[in-house]
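Listed below, chain by chain, are the residues.
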Amino acid sequence: YIIMIELQNNTIKIMGILNSTPDSFFMESRLIANNLIDLQKYKHADIIDVGFESSRPGANPLSENDEMIRLDHFLTHGPNFKQTLSIDSYKPQVAQIALENGFNMINDIKGGGKDGEMLEIAAIFKCPIVLMHMLGNPVTMQIKPYYDNIMDELKHYFETKIEFAKSFGIEESQIIIDPGIGFGKRIIHNDTIINNLGELKQFGVPLLIGISRKSFISIDDDGAEDRLPATLGATALAVKNGADIIRVHDVVENYRMLSVVSRIIQRKNIKEKMVTNEI
């Protein structure tokens, strides 16, 4: 898995968001009807995460048939990306068709599902799969979410999910975990997760974080279109605290931020290593 090998070399990866939907919360991430898109906006992305069903808070589920229709339209008329293509879906049949037609990664907001059918698909195709944590579902997840201890719950969830995935024949090198910022979390939960990302590094698998333009970083009730500065700041903190992949709407801007932040962090790590060796 090329992407996994690169992650092991401590390079942070950018996952660019592309929504082939009419209702995703950030309009500029939507693939418009005639499928015209400025590929230059995605040139610095390592992965393109393509979704056909909105998972914003309050979004109603899309039928498998309708999602298949959107996928087929994308496969027939969509842009020709050179990067790794990730299918953002929790429906196994949708993922299977995507993987049979040029996609090579799964991003599942339901963490492989309860019955593991999505895990079977990942095992068959030997592809990377993102296992995300979500409390409830998009319709209900932001209705008074509660945790005794958010980090303890996440660690228990991922410990269980990783072992479950392995039981289907998935290799550890295929697994990526995502704490699900904004998916059944209050502002305090999201802040706590970002501050304590290092605790999730204990699993030894890449850590994906999706902060981009979400409502928990809203200032003075601004809209998603005004949250780029807050996105860059919060994402930089996540990278400092251990994120391996950042899922973003604004690839170029995050690439520029990441170039500087990664350099500074790398310089700090080199200095600390030299001090340790001297001791």
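Anything mentioned here points back to the structure above.
Cut-offs applied
- Residues numbered from 1 in each chain as written.
- Predicted model: local features only at pLDDT ≥ 70, side-chain atom pairs only at ≥ 80, totals over all residues.
- Heavy atoms only, no water.
- Helix = DSSP H or I, 4+ residues; strand = E, 2+ residues; numbered from the N terminus.
- Contact = heavy atoms within 4.5 Å.
- Areas by Shrake-Rupley, 256 points an atom, 1.4 Å probe, with all protein chains shown as cover.
- 1 Å grid on protein atoms, 1.4 Å probe; cavity = no way out; pocket = protein on both sides within 12 Å on 5 of 7 lines; lining within 4 Å.
- Points joined across faces, edges and corners; volume = space filled by probe spheres on them.
- Nonpolar A, V, L, I, M, F, W, Y, C, P; charged D, E, K, R; others polar.
- Axes fitted to C-alpha atoms, helices over the stretch in contact; angles between N-to-C directions.
- Parallel < 35°, antiparallel > 145°, perpendicular 65-115°, else oblique.
- Left-handed = near helix turned anticlockwise from the far one by under 90°.
- Phe/Tyr/Trp six-rings, centres within 6.5 Å; stacked < 30°, edge-to-face > 60°.
- Buried < 20%, exposed > 50% of the residue type's maximum accessible area, 1.4 Å probe, protein only.
- Salt bridge = Lys/Arg side-chain N within 4 Å of Asp/Glu carboxyl O.
- Arc of directions from axis to C-beta.
- Pairing = 2+ DSSP bridges.
- Right-handed = clockwise from strand over helix to strand, strands pointing away.

Colleague: Is there a simple way to think about the overall build of the chain in this case?
Modeller: Counting its secondary structure elements, the chain contains eight helices and eight strands. A separation threshold of at least 6 residues defines the contact pool for the chain, and within that pool the share at least 24 residues apart is 70%. In the form shown here, the chain has an accessible surface area of approximately 13800 Å², with 52% of it arising from carbon and sulfur atoms.

Colleague: I keep staring at empty space enclosed by the protein and nothing clicks. Help me out?
Modeller: Any empty space left between the atoms is revealed when a probe the size of a water molecule rolls over them. Scanning the entire structure with this criterion turns up one cavity of 30 Å³ or more. A volume near 80 Å³ is recorded for the largest cavity. What lines the largest cavity is E53, S54, S55, E67, D88, S89, Y90, K91, I109 and P138. Within the lining of the largest cavity, the residues separate by chemical class into three nonpolar, three polar and four charged.

Colleague: Where do I start with the packing of helix α5 (residues 150-166) against helix α6 (residues 187-195) in this structure?
Modeller: Axis angle and axis distance: for two packed helices, these are the angle between their axes and the distance between the axes, and together they describe the pair. Interhelical geometry of α5 versus α6 gives an angle of 65° and a closest axis separation of 10 Å. In terms of orientation, α5 lies roughly perpendicular with respect to α6. Two packed elements cross with a definite hand, and for α5 against α6 that hand is right-handed. Note on element contacts: α6 touches α5 through H189, T192 and I193, opposite I150, M151 and L154. Counted by class, the contact of α5 with α6 contains four nonpolar, two polar and no charged residues.

Colleague: Help me understand the environment of T235 in this model?
Modeller: Considering the arrangement of structural elements, one finds T235 in helix α7 (residues 228-240). It is 9.0 Å that separates the C-alpha atoms of T235 and M257, two residues lying 22 residues apart in sequence. Apart from residues no more than four positions distant in its own chain, T235 is found in contact with I211, I246, N254 and M257.

Colleague: How should the packing of aromatic side chains be read in this particular structure?
Modeller: The geometry of two aromatic rings is summed up by the distance between their centres and the angle between their planes. All told, the structure shown has six aromatic pairs when counted by the stated rule. With a centroid separation of 5.8 Å and an interplanar angle of 70°, the aromatic rings of F52 and F74 are classed as edge-to-face. Pair noted here: F52 is in the loop between β2 (47-51) and α2 (64-77) and F74 is in helix α2, with a separation of 22 residues, a long-range link. Like F52, the residue F74 is buried in the burial classification. Ring geometry for F74 versus F103: centroids 6.0 Å apart, planes at 55°, classification tilted. Taken together, the residues F74 in helix α2 and F103 in the loop between α3 (92-99) and β4 (105-108) connect sequence positions 29 residues apart. Comparing F74 with F103, the two get one shared label, buried. Grouped by ring-pair contacts, the aromatic residues F52, F74 and F103 constitute a single cluster.

Colleague: So what exactly am I meant to see when it comes to the pattern of salt bridges here?
Modeller: Proximity of charged atoms lets side chains of opposite charge pair with each other. A complete count under the given rule lists 12 salt bridges for this structure. Ionic pairing is found between E163 and K166, a salt bridge with its closest N-O pair at 4.0 Å. Taken together, the residues E163 and K166, both in helix α5 and three residues apart, mark about one turn of the helix. Measuring nitrogen to oxygen at the nearest pair gives 3.0 Å for the salt bridge that ties K166 to E172. On the accessibility criterion, E172 (37% relative accessible area) is partly exposed. One network of salt bridges, with partners in common, ties together D49, D88 and R247.

Colleague: Please clarify how α6 should be interpreted in this entry.
Modeller: Because each turn of an α-helix spans 3.6 residues, side chains separated by three or four positions in sequence point in the same direction. The complete set of buried residues in α6 reads H189, N190, I193 and I194. Within α6, the buried residues cover an arc of 130° as seen down the axis, which keeps them to one side. Of the exposed residues in α6, the ones pointing more than 90 degrees away from its buried face are I188 and N195. As for α6, its buried residues are in contact with α5 and α7.

Colleague: Before we go on, may I ask you to explain the pairing of strand β6 (residues 175-178) in this structure?
Modeller: On any regular strand, side chains alternate: one points to one face of the sheet, the next to the other face. The side-chain alternation of β6 yields two buried faces, one formed by I175 and I177 and the other by I176 and D178. The pairing of strand β5 (residues 129-132) with β6 spans four bridges and is parallel. In the sheet register, V130 faces β6, and the bridge partner there is I176. Where the polypeptide runs from β5 across α5 and back to β6, its parallel neighbour, the crossover connection is right-handed.

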